Amino acid sequence: MKLFAPLLLAALGGLSSGFSFAADPALPAPIDRVPAKSAKPDIANGEVVFNGKSCAACHSGDGNSAIPANPKLAQQHPEYLLKQLQEFKSGKRKSAVMSGMAAMLSEQEMRDVAWFLGSKPIKPGFAKDKDLVALGEKI
Ligand code: HEC
């Protein structure tokens, strides 16, 4: 029996270190393993996409559209813009122009574009009737 004692201790030692090793996978997942849904927006790529896919032709390069029919996108909430693009693509929000435009964008590109636009300061609009603006601000 005496002969087995050191062997037993060695085996136990091995077992306990084995345990601590086995516990590692139970640790919380590192940040870079979070699902793609919360992928980080790439603002620089957003600018490239926005200009490259002719969005700028209607909404202007910095999202401050000069044409009243096309909404200004600068400084809008990125989450809102992303949702609009997703809904144009899915058909939930209907627009003859925008559903085709949004269809060209991947999920990541929509995110990049939305955060790029959100980072752009809005410029004063094209409201011509100052009284109406004042009234609108009161409401
Ligand atoms: C031919 C002109 C045109 C082009 C090109 C265009 N848009 Fe638009 N966009 C519009 C119009 C018009 C609307 C308003 C649609 C509506 O409400 O029916 C709009 C709406 C939007 C909205 C929603 C704004 C809001 O306040 O709800 C977003 C976001 C948007 N566009 C992003 C883009 C992006 C990104 C691209 C490029 C992939 C693009 N647009 C290309 C004309 C255009």
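Here is what the cut-offs are and how they apply
- Residues numbered from 1 in each chain as written.
- Predicted model: local features only at pLDDT ≥ 70, side-chain atom pairs only at ≥ 80, totals over all residues.
- Heavy atoms only, no water.
- Axes fitted to C-alpha atoms, helices over the stretch in contact; angles between N-to-C directions.
- Helix = DSSP H or I, 4+ residues; strand = E, 2+ residues; numbered from the N terminus.
- Left-handed = near helix turned anticlockwise from the far one by under 90°.
- Contact = heavy atoms within 4.5 Å.
- Nonpolar A, V, L, I, M, F, W, Y, C, P; charged D, E, K, R; others polar.
- Parallel < 35°, antiparallel > 145°, perpendicular 65-115°, else oblique.
- Salt bridge = Lys/Arg side-chain N within 4 Å of Asp/Glu carboxyl O.
- Buried < 20%, exposed > 50% of the residue type's maximum accessible area, 1.4 Å probe, protein only.

Notes on the packing of helix H4 (residues 78–90) against helix H6 (residues 107–118)
Axis separation between H4 and H6 bottoms out at 8 Å; the angle between their running directions is 140°. Handedness of the H4/H6 crossing: right-handed. Residue-level contacts link Pro78, Glu79, Leu81, Leu82, Leu85, Gln86 and Lys89 of H4 to Glu107, Met110, Arg111, Val113, Ala114, Trp115, Leu117 and Gly118 of H6. A breakdown of the residues in the contact of H4 with H6 according to their chemical character gives 9 nonpolar, 2 polar and 4 charged.

Topic: the packing of helix H2 (residues 43–52) against H6
Direction vectors running N to C along H2 and H6 enclose 100°, while the axes themselves pass 7 Å from each other. When the interaxial angle is binned, H2 and H6 end up roughly perpendicular. Contacts from Ile43, Asn45, Gly46, Glu47, Val49 and Phe50 in H2 reach Glu109, Asp112, Val113, Trp115, Phe116 and Leu117 in H6. For the contact of H2 with H6, the per-class residue count stands at 7 nonpolar, 2 polar and 3 charged.

Topic: the pattern of salt bridges
For the structure on display, the rule yields 4 salt bridges. Between glutamate 87 and lysine 83 there is a salt bridge, with its nearest N and O atoms 3.2 Å apart. Separated by 4 residues within a single helix, glutamate 87 and lysine 83 lie in helix H4, roughly one turn from each other. Since its relative accessible area comes to 44%, lysine 83 is described here as partly exposed. One salt bridge connects lysine 92 with glutamate 87, and the closest N-O pair in it is separated by 3.5 Å. Its relative accessible area of 14% is what places glutamate 87 among the buried residues. One salt-bridge network, held together by shared partners, links Lys83, Glu87 and Lys92.

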